[in-house]
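Observations on the three-dimensional arrangement
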Amino acid sequence: MYKILDKKILNPTVVQLWIEAPLVASKAKPGQFIILRVDQTGERIPLTVAGVDKTRGAVKIIYQVVGATTEKLSHKEAGEYLQDFVGPLGVATHLDGLKKVCIVGGGVGCAIALPIAEALHDMGADVTSIIGFRNKDLLILEDEFKACSNTLRVMTDDGSYGERGNVTAPLREMLEAGEKFDMIITIGPLIMMKFVVATAKPHGTPVTVSMNPIMIDGTGMCGGCRLTLHRNGERITKFACVDGPDFNGYEIDFDEAMSRGRMYGEFERHAHDATCNLFKGEVR
Amino acid sequence: MAKANMSLTRNVMPTQDASVRAHNFDEVALGYSEEQAIDEAARCLNCKNMPCVDGCPVKIHIPEFISKIKEGDFEGAYQIINRSSSLPAVCGRVCPQETQCESKCVRGIKGESVGIGRLERFVADWHNTFASDAPVRPESNGHRVAVVGSGPSGLTCAGDLAKKGYEVTVFEALHTAGGVLVYGIPEFRLPKKIVAKEVDTLVALGVEIQTNVVIGKTLTVDELFEMGYEAVFIGSGAGLPNFMGILGEGLNGVYSANEFLTRSNLMKSYLSDSDTPIMKGGKVAVVGGGNVAMDAARTALRLGAEKVYIVYRRSMDELPARREEVEHAEEEGIEFRLLCNPTEIVGYHNPDDLRDPKNGFVTGMKCVRMELGEPDAKGRRRPVEIPNSEFEIEVDTVIMSIGTSPNPLIKSTTEGLEVNSRGGIIVNEDGLTSRRAVYAGGDAVTGAATVISAMGAGKVAAKAIDVALSK
C-alpha cells in the first residue's frame, strides 16, 4: 500500500497528490510515468510523473477527473492509501544537448510538461513555455512555469485569462518571426499535439510528443498501448510503455491514436456515472 | 498388488457439460474421484525402464507415485511428486502431457496411454484438500538470492532455494504474484486459488514477494547485487506481443491475446465489480493455433460472444495447442477456420459523420485460403496462399495470438547480459548467463514455451546457484 502524503486541488477538476513511494522517487525522471490502482477491484491507469521529492521518498502526480478511476482517486484524502503504485516506467525525455526549447502544454498536460521545463531550466537551456487552458478557472501552475521559463505565454480558449486563442497561435508567430528552437516538446490533448506538429512542420523544427494511450501492465507485455508510426514510407508498430511515451511527432499516426483512445468511451461514461452516484449516495 | 487394469481406454475425465461451461468461468475439468484414480493407476504397468520419466522435463518418478495411488496412499504419492515438482496442481492441469510423459507410455502403443497428468492433478488436489502439514521454514543459511518474476520458473527457483535455507526475494512487476499463471491462463483452466496456494506455500517457506517492482526500471540487476543479493535469477517471461503487420491492426476491437487475457484474468473484467473494461459479445476471430489462442477463444465465448472463430493458417494436425484444449474448444462450439490467413482487418468509417461512435471499430477480417506445401526446416509443412481465394468474415473483435518478442527492459539495463538473435537471454547448461552470478530461465531464455519447461529451468538454476554459493 502506498500512502497519500498530501493533496491539493489545483482547479475544479485537477488534483495534485504526493504519494510515498521511495523506490520510484529515487529513480523517476521527467517524462516517465507510473501505474496505479486505487483499490482491489480497480483498473491500472498510467499517470506521468509530475515531480519527485527524494528526501520524502515521494512522487507527485497531477490528474484530471475524467472517468471512474480518477473520480475514485479524487475521493482519497491525505493519510489514506493507494493499493498499487509502480514505476518509473517508460523512457525519460531526452534533454541532453538541448539549448533552446519550446514547451507547449495543454490543460492537465502542463503538469507533465512542468518538470521537463524545470529540468531544461536547471541545465541552463533557454526555455519558452506556451501553456493553454479552456478558461481562467482551469489554469494551473502559472507561477511554476514563470519561474523556469525565459518566455511564458498563457493562452485561454475564451480569452478569460492571458491571451485568447490556441497554443499554436503564439508558436506560429514565433516560428514565423524566425525563432529557432532545437526542439519543441508538446504534451496535452492529442488533437492539440497534432496541430503543434502541423504548425512546426513548415519550419522543420523537431517535435517531441508525449503519448498517453490506454495501458494495462505498462511493462511491455500486453500491447494495448501500441501506436502506428510512419517512418520512411513504412508503417511500424511501437509500444508507448517501453518505446515511449515520447515519440517523434512527425511519425505518429494521430488519427489512429485518437480513435484508439475512444475505444472504451461508452463504458467509461457509464462507469463514471455509476461511481459518481455511489459517492453521492454516501454523502446522502 | 491389485491386478493390472488392461482397459485400452483411460478413465474419462469428468467435466462440466460443454453447454453449461461455455457460459461460466468455473473449471472445465472436475478431476478424478479416488475410485477413478485408483482404477486409472492400475493401468500403469510399472515398466522397469520408465520411458515416461524420460518424457518429463522435471523427471518426476512417475511409476513410483502411481504405485502409491494404487495402494491408496495419496499423500505418499504427493511426496514422491513433490521431490521433483514444486507445482503439481498447476502442471497436472496445464502440461502438454500428450507430447511429454504420456507420449512415451507403453500403454499408448495399443490403446490410450495412462492418464498421468490426470493422476498428478488428483494427487495434488488431494494433498491440497486433506493434508494439514504446514510447510516448515528451514533455518537460514545466510545467503540471499533475488528472483526476477513470479511465474513458473521464478516460483520454482525460489521454492527450491528456500527449502535449502536461502533467503529469497521475488520481485514481481505486476500487482499479483504468479506471472502467466495469473494473467495468462484463464480461471476455467487453472483456478487462481491454486496459484495463490502455491505462492502462500513459498511465503510460509520464508520467501519474500515484492510486487510492483519492475527490474530494469524500479531497480536494476546491478542494484540487486549492491543490496546484498549474491545471485540473481531472471525469469521475466516472454515479452511484447507480435502483430501481423497487416492493415487495420490499430482499429478498435483488435487485441493481442496477452491484452485480452490480462484484462479478463488479471484484471477480472469478467466479474461485474471490476473497473477494467473488455469487449464482450459479438463475433470474435482469434488468429493463431496455440494454447494461448484456445484460451483467448474460450474466454471470449464465456464473455458472451455469439460466435468465436479460430483462424489458423495450417491444418488441424499442425495446431500447436494441447489436444485436450482443442477438443474442449470444439465441444464448446468454437469454429475452426483452418488453412486461412488474415490479410486485412476492416473497420467502420462514416465519412459524413466523424463523430459517429462506431467509427474506427472492427467490422470484418479479410482472409486468404491456404494449402500445405513443402516441409520447412522444422519438418512442418509450409502454408502457401491459394491465389484468388480471398474472402471476408464478419467480426467485431480480432485477437492476435501469434507469439511474442522479448521484452527489452532487463537486457537494456544490464550491461554484459548477452542475448541471441531472437532476443532470448543466452545461458549455459546450468542456466548461467554471460554475467557472473546472474542466471535465467523460462520464456525469457527460450521464447514462448510451456509452464513445465520453465519450471525445469528454474530447478536447474536453483541447483546451480546452490552449488555456486555453497563453495
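Residues numbered from 1 in each chain as written. Chains lettered and ligands numbered in written order. Predicted model: local features only at pLDDT ≥ 70, side-chain atom pairs only at ≥ 80, totals over all residues.

Let's talk about the interface of chain A and chain B
- Listed per partner, the contact involves 36 residues of chain A and 32 residues of chain B.
- Those elements that place two or more of their residues in the side of chain A that touches chain B are helix H1 (22-27), helix H2 (68-74), strand E7 (84-89), strand E15 (234-239), helix H8 (254-261) and helix H9 (265-283) of chain A.
- Its residues assigned to classes, the side of chain A that touches chain B comprises 16 nonpolar, eleven polar and nine charged. (Contact = placed C-beta atoms within 7 Å. Helix = DSSP H or I, 4+ residues; strand = E, 2+ residues; numbered from the N terminus. Nonpolar A, V, L, I, M, F, W, Y, C, P; charged D, E, K, R; others polar.)

Considering the domain arrangement of chain B
Residue and element names in this part refer to chain B.
- According to the domain assignment, chain B consists of domain 1 (26-130), domain 2 (144-239 + 406-470) and domain 3 (242-403).
- Contact residues are listed per partner, giving 16 residues for domain 1 and 22 residues for domain 2.
- No other element matches helix H6 (residues 88-94), which puts five residues into the side of domain 1 that touches domain 2.
- When grouped by side-chain class, the residues that make up the side of domain 1 that touches domain 2 number ten nonpolar, three polar and three charged. (Domains from an automatic or database assignment.)

So, the nonpolar core
- One finds Ile34 of chain A together with Phe233 and Val286 of chain B to be the most contacted residues of the largest nonpolar core, which totals 231 residues.
- At ten residues, helix H17 (residues 451-470) of chain B tops the list of elements feeding residues into this core.
- Not counting residues within four places of it along the chain, the set of residues in contact with valine 286 of chain B comprises Ala293, Ala296, Ala297, Val308, Tyr309, Ile310, Val311, Ile399 and Ser401 of chain B. (Core = buried A, V, L, I, M, F, W, Y, C linked by C-beta atoms within 7 Å. Buried ≥ 20, exposed ≤ 12 C-beta atoms within 10 Å, placed from the backbone.)

Details of the domain arrangement of chain A
Residue and element names in this part refer to chain A.
- Segmentation of chain A into domains returns domain 1 (2-89) and domain 2 (93-206).
- For domain 1 and domain 2, the distance between their C-alpha centroids amounts to 24 Å.
- On the side of domain 2, twelve residues touch domain 1, which itself brings twelve residues to the contact.
- Sorting the residues of the side of domain 1 that touches domain 2 by element identifies strand E1 (2-11), strand E4 (45-53) and strand E5 (58-64) as the ones contributing at least two each.
- Tallied by class, residues from the side of domain 1 that touches domain 2 come to seven nonpolar, five polar and no charged.

Details of the environment of glycine 188 of chain A
Residue and element names in this part refer to chain A.
- Within the secondary structure layout, glycine 188 lies in the loop between strand E12 (183-187) and helix H6 (190-200).
- You can call glycine 188 buried: it has 24 C-beta atoms within 10 Å.
- Placed 84 residues apart in sequence, glycine 188 and valine 104 show a C-alpha to C-alpha distance of 8.1 Å.
- Among residues more than four places away in sequence, those in contact with glycine 188 are Gly105, Gly106, Gly107, Gly109 and Met193.

A word on unusual backbone geometry
Residue and element names in this part refer to chain A.
- Cis rather than trans, the peptide bond between glycine 87 and proline 88 has omega equal to -10 degrees.
- Phi at leucine 141 is positive, roughly 60 degrees, even though this residue is not glycine.
- Counting through the fold element by element, leucine 141 comes out in the loop between strand E9 (126-133) and helix H4 (142-148).
- C-beta crowding within 10 Å serves as the criterion here: with 23 such atoms nearby, leucine 141 is assigned to the buried category.

Details of the sheet that holds strand E7 (residues 283-287) of chain B
Residues and elements named next belong to chain B.
- One open sheet accounts for five strands, arranged E6-E14-E7-E8-E9; its pairing is parallel. Each of the sheet's edge strands pairs with one partner strand only, and the pair in question is strand E6 (254-256) and strand E9 (335-338). On average, each strand axis in the sheet is inclined to that of its neighbour by 20 degrees, with strand direction left out of account.
- Strand direction decides the pairing type here: E7 and strand E14 (residues 397-400), joined by four bridges, are parallel. By the bridge assignment for E14, valine 286 is matched with isoleucine 399.
- The strands touched by helix H12 (residues 257-266) within the sheet are E6 and E14, with E6 carrying the most contacts at an inclination of about 85 degrees. (Pairing = 2+ DSSP bridges. Axes fitted to C-alpha atoms, helices over the stretch in contact; angles between N-to-C directions.)

Observations concerning the environment of glycine 360 of chain B
- Relative to the assigned elements, glycine 360 of chain B resides in the loop between strand E10 (340-347) and strand E11 (362-375).
- Residue classification places glycine 360 of chain B among the buried residues on the basis of 22 C-beta atoms within 10 Å.
- With eleven residues separating them along the chain, glycine 360 of chain B and histidine 349 of chain B place their C-alpha atoms 6.3 Å apart.
- Ignoring sequence-local partners within four residues, the contact set of glycine 360 of chain B consists of Ser259 and Arg262 of chain A together with Leu251, Asn252 and Gly347 of chain B.

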